[in-house]
Amino acid sequence: MPVLLSTVTMIFTLMKSSKATIRTTLRVLTRINTITRVAYKDDPTIMAWELINEPHCQVDYSGKSLNGWIQEMASLVKSIDSNHLLTVGMEGFYGDSMPEKKAINPGYQVGTDLISNHLTKEIDFTTIYVYPHIWLSGKDDSIQMAFMQRWMTSHLTDSETIIKKPMIFSEFGKSSKDPGYSLSERDSFLNAVYTSIYSFARSGGIGGGLVWQIMAEGMQSYDDGYEIVLSQNPTTTSILPQQSNKMIALVLGFLDERNKMEGKKTCNSHLIFNN
């Protein structure tokens, strides 16, 4: 999954990053894993870096102020680590670069711009989050789910046709703190999201999805309402490997088709997850 490089609250109108932010970035990228003795920038088990988690800019809702910071930090990261993919870490809100797109937002902006913020050449893929129960609080389930479908479809289309980069559905979940929450409701939501992700993935347009958040027993101090402890949630636990196996089969199918065209044989690695 993408690894966070910075959690510092930024004033993005300051076009130069603070020395502390740059030092933190350098420290993370060059840190040596104490177990494997491999530097993070060379670690093949890390899929990608994200520059910051959910950037918001309350002094400029257009999304323009964020562009300079992204360019500076993305160039810095890639100058040190050219081995890993890089993304911004955005929820996916539209800004002013294409004003007509703002109608897709859930009624407001946060100072980011999905289009312009991802056009920096060093950024390798786009991301979206979806939390309709928060963004459309008070609306019924049918309105929230309809929004989710529009949100995913619009972002996938724009990633493919305008930004021309792959997309990852990098955060979604259902909180136990929501009014009327039930485990079956969460399972239904996850199934709906996973069904959409799989459908989009069949067309080759989405790179997968990351649920928020799976935890181990004993991590109660990190509970935020979204935690999924696999040993304690058997119905939810059964959903995750089903999706993983479907996505793996899809990837192997794509590889098989490509290799047939190139006269090669696909190596089936049998990466099947058990419940």
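Up top is the structure.
Every value quoted in this text rests on a predicted model; they were computed, and no experiment measured them.

K.L.:
I'd love a proper account of the pattern of salt bridges, names of residues and values included.
P.N.:
Within this structure, the stated rule accounts for 5 salt bridges. The partner of Lys-78 in a salt bridge is Asp-124, and the shortest N-O contact between them spans 2.8 Å. Here Asp-124 lies in the loop between helix H3 (114-117) and strand S4 (126-130) and Lys-78 lies in helix H2 (residues 64-80), a separation of 46 residues in the sequence. For Asp-124, a relative accessible area of 23% puts it in the partly exposed group. Lys-260 serves as the salt-bridge partner of Asp-256, at 3.3 Å between the closest nitrogen and oxygen. Here the residue Asp-256 and the residue Lys-260 both occupy positions in helix H7 (residues 234-262), the gap between them amounting to 4 residues, near one helical turn.

K.L.:
Any details on the packing of aromatic side chains? Residues and values, ideally.
P.N.:
Tallying each qualifying case throughout the model produces 9 aromatic pairs. With centroids separated by 5.3 Å and ring planes inclined at 65°, the aromatic side chains of Trp-135 and Trp-151 adopt a geometry described as edge-to-face. Placement of the pair is Trp-135 in helix H4 (residues 132-135) and Trp-151 in helix H5 (residues 141-163), with a sequence separation of 16 residues. Seen from their ring centres, Phe-169 and Phe-172 are 5.1 Å apart, and the 35° between their planes marks the pair as tilted. The structure contains a cluster of three or more aromatic residues connected by ring pairs, namely Phe-93, Tyr-108, Trp-135, Phe-147 and Trp-151. Sitting over the face of the ring of Phe-189, Lys-174 holds its NZ or CZ atom 5.5 Å from the ring centroid. Lying over the aromatic face of Tyr-198, Lys-246 brings its terminal NZ or CZ to 4.4 Å of the ring centre.

Reading the values: the criteria
- Residues numbered from 1 in each chain as written.
- Predicted model: local features only at pLDDT ≥ 70, side-chain atom pairs only at ≥ 80, totals over all residues.
- Heavy atoms only, no water.
- Salt bridge = Lys/Arg side-chain N within 4 Å of Asp/Glu carboxyl O.
- Helix = DSSP H or I, 4+ residues; strand = E, 2+ residues; numbered from the N terminus.
- Buried < 20%, exposed > 50% of the residue type's maximum accessible area, 1.4 Å probe, protein only.
- Phe/Tyr/Trp six-rings, centres within 6.5 Å; stacked < 30°, edge-to-face > 60°.
- Lys NZ or Arg CZ within 6 Å of the ring centre and 35° of its normal.

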